[in-house]
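Observations on chain architecture
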Amino acid sequence: EAGGVVLGKSADKLFSLSGLFAVYKPKGPTSAGVLNLLKERLLAEAGVQTNANKRHQVLKIGHGGTLDSAAAGVLVVGIGKGTKMLRTMLAGSKKYTAIGVLGKATDTLDATGKVTEEKPYDQITKGDLENVLKKFTGDIMQVPPLYSALKKDGERLSTLMKRGEAVEAKPARPVRVYSLSLQQFQPPLFTLDVECGGGFYVRSLVSDIGKELSTCATMQELTRTKQGPFTLEEHALYEDKWTIDEIARSLEHCTSLLPGEPSHKKLKTEHPGETAASCE
């Protein structure tokens, strides 16, 4: 019947999608939650029954680096063979805009947590803050937050913390800050722009800045504005654009963004000059 044919076409198109694209993650859901919603939307549009027989093609989809629930912004998504390219996204550079609050500390280091400490902050000037930022630029050591997606014995630290289990802080580890600048200072609020490498926690940075200023600080808001070559303004697809056609268009666009990588041995490329990083 005619309906079946149409259905087949969009399902075929969906399962042939391959490469990297970016979506906008709103504040609230987890990164995994956003990915599940995206997957549901696409399978529904293609008319693929998800709970029917398990033999149907599985839609391969993954993301290139968790954004905390309370954070918003660019989430890089790999689909099809693109899922193999996500590892490089994790290690690559990212840009964030963060709003910190002076004089308050929370157990999670962000606005979702319980306030654990309050200290005066009126003595802090814009100059003080700008001077301290120099100490956090370049190659620095950072202790990751206790409430994080990092794992101990296969379980997330945040899960263990919420269960009330004693969790030891992970040791400080080297992280890289390419640039750090103060955008606004309206005490107790301050806004930072940060460009950093993989494994960096902006909420640890905000907390450490507070300590360095002999007060305390916690992160109120976080937006990822860029990950690798994907920017919030240009590339992040909002929920109304989560359609097979829009994503196909976005994937075509992405080929030009990604650096040519030496092709992997497994990927025997038919055309000379084609690289593993192109959206196939």
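Residues numbered from 1 in each chain as written. Predicted model: local features only at pLDDT ≥ 70, side-chain atom pairs only at ≥ 80, totals over all residues. Heavy atoms only, no water.

1. A few points about unusual backbone geometry
Note the cis peptide between Pro187 and Pro188, where omega equals 5 degrees. Mapped onto the secondary structure, Pro188 falls in the loop between strand E10 (173-186) and strand E11 (189-196). For Ser214, which is not glycine, the phi dihedral falls at a positive 60 degrees. Tracing the chain through its elements places Ser214 in the loop between helix H6 (202-212) and strand E12 (217-227). (Helix = DSSP H or I, 4+ residues; strand = E, 2+ residues; numbered from the N terminus.)

2. Section: the UniProt feature "domain: tRNA pseudouridylate synthase B C-terminal" (unreviewed entry) in the protein
Residues given the UniProt feature "domain: tRNA pseudouridylate synthase B C-terminal" (unreviewed entry) here are residues 203-235. The straight-line gap between the two end C-alpha atoms of residues 203-235 is 25 Å; of that span, 30% is helix and 39% is strand. (UniProt positions renumbered as here; feature names shortened; annotations may be inferred.)

3. What about the pattern of salt bridges?
In this structure the tally under the stated criterion is ten salt bridges. Here Glu239 makes a salt bridge to Arg41, at a shortest N to O gap of 2.6 Å. Of this pair, Glu239 sits in the loop between strand E14 (236-237) and helix H7 (244-254) while Arg41 is found in helix H2 (residues 31-46), placing the two residues 198 residues apart along the sequence. Between Glu212 and Lys135 there is a salt bridge, with the nearest N and O atoms lying 2.8 Å from each other. Pair noted here: Glu212 is in helix H6 and Lys135 is in helix H4 (residues 126-135), with a separation of 77 residues, a long-range link. Three or more residues joined by partner-sharing salt bridges are found here, namely Glu155, Arg163 and Glu165. (Salt bridge = Lys/Arg side-chain N within 4 Å of Asp/Glu carboxyl O.)

4. Considering the packing of aromatic side chains
With the rule as written, the count across this model stands at one aromatic pair. Considering the side-chain rings of Tyr24 and Tyr238, the 4.5 Å spacing of their centres and the 20 degrees angle between planes classify their relative orientation as stacked. One end of the pair, Tyr24, is in strand E1 (residues 19-25); the other, Tyr238, is in the loop between E14 and H7, with 214 residues separating them in the sequence. Tyr24 gets classed as partly exposed once you look at its relative accessible area, which sits at 22%. Look at Tyr238 and you get partly exposed, because its relative accessible area is 39%. (Phe/Tyr/Trp six-rings, centres within 6.5 Å; stacked < 30°, edge-to-face > 60°. Buried < 20%, exposed > 50% of the residue type's maximum accessible area, 1.4 Å probe, protein only.)

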